[in-house]
Amino acid sequence: MITSENYDETIQKLIMFEQWANEPYEQRIKTLDQVQKNLSDNGSDTSVGNTDFYLFMSPDVNDNTPYFAYDRAVGYTTKAKFLTSKDDIIIIINELKVWKNNSVNRK
């Protein structure tokens, strides 16, 4: 969930992914761990305000296309991996900026 308190942090994470995803494959491989570690407040305990996004690419999924990913339990024994493409991240960044601007203007 995104609140007005963490718009900037969330947008920054998405921008970090977009910048990484725009790099050539060889550069993405070299910087994957570094970028992953720089995602602020990233961890598996989402109940304390963390997000659990991670960078994902695999030769088995669209030939190493980069995705912003997270895992969720979707049933009692079933987990799913959600992949968000670079194009979708760009849309989300722009929507969050508008949402933030509208929230600030209402105060």
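Anything mentioned here points back to the structure above.
Along each chain, residue indices are assigned from 1 in the same order as the chain's sequence is written. Predicted model: local features are reported for residues with pLDDT of at least 70 only, side-chain atom pairs are reported and counted for 80 or more only, and whole-chain, interface and lining totals are derived from all residues. With hydrogens and water stripped out, all remaining heavy atoms of the structure feed into the side-chain values.

Q: Explain the sheet that holds strand S2 (residues 67-73) here, please?
A: Sheets are built from strands paired through backbone hydrogen bonds, the pairs being either parallel or antiparallel. Strand pairing is assigned whenever DSSP identifies at least 2 bridges connecting the two strands. Every helix listed is a DSSP run of H or I at least four residues long, and every strand listed is a run of E at least two residues long, numbered separately from the N terminus. With respect to topology, three strands assemble into an open sheet ordered S1-S2-S3, the strand pairing being antiparallel. Two strands close off the open sheet at either side, each with one partner strand: strand S1 (54-56) and strand S3 (79-85). Between one strand axis and the next, the sheet turns by 45° as a mean value, whatever way the strands run. In terms of strand pairing, S1 meets S2 through three bridges, oriented antiparallel. Looking at S2, one finds that Leu55 is bridged to Phe68. Seen against the sheet, helix H1 (residues 7-21) touches S1, S2 and S3 and runs at an angle of roughly 125° to S2. Think of each axis as a best-fit line through the C-alpha atoms, taken over the contacting stretch in the case of a helix, with angles from 0 to 180 degrees between the N-to-C directions. Residue contacts are defined here by distance: any two heavy atoms, one from each residue, within 4.5 Å place the two residues in contact.

Q: Would you mind going over helix H2 (residues 25-38) with me for this structure?
A: One full turn of an α-helix is made of 3.6 residues, so residues set three or four places apart face in the same direction. For H2, spanning 14 residues, the distance from its first C-alpha to its last is 19 Å, which sits close to the expected 20 Å at 1.5 Å a residue. Remark: the principal bend of H2, roughly 55°, maps to Thr31. Among the residues of H2, those classed as buried are Arg28, Thr31 and Val35. On its buried side, H2 packs onto H1 and S1. Working rule for helices: expected span equals 1.5 Å times residues minus one. Values of bend correspond, residue by residue, to the angle between axes fitted over the seven residues ending at that residue and the seven starting there. Relative accessible area decides the class of each residue, using a 1.4 Å probe on protein chains only: under 20% of the type maximum gives buried, over 50% gives exposed, and in between gives partly exposed.

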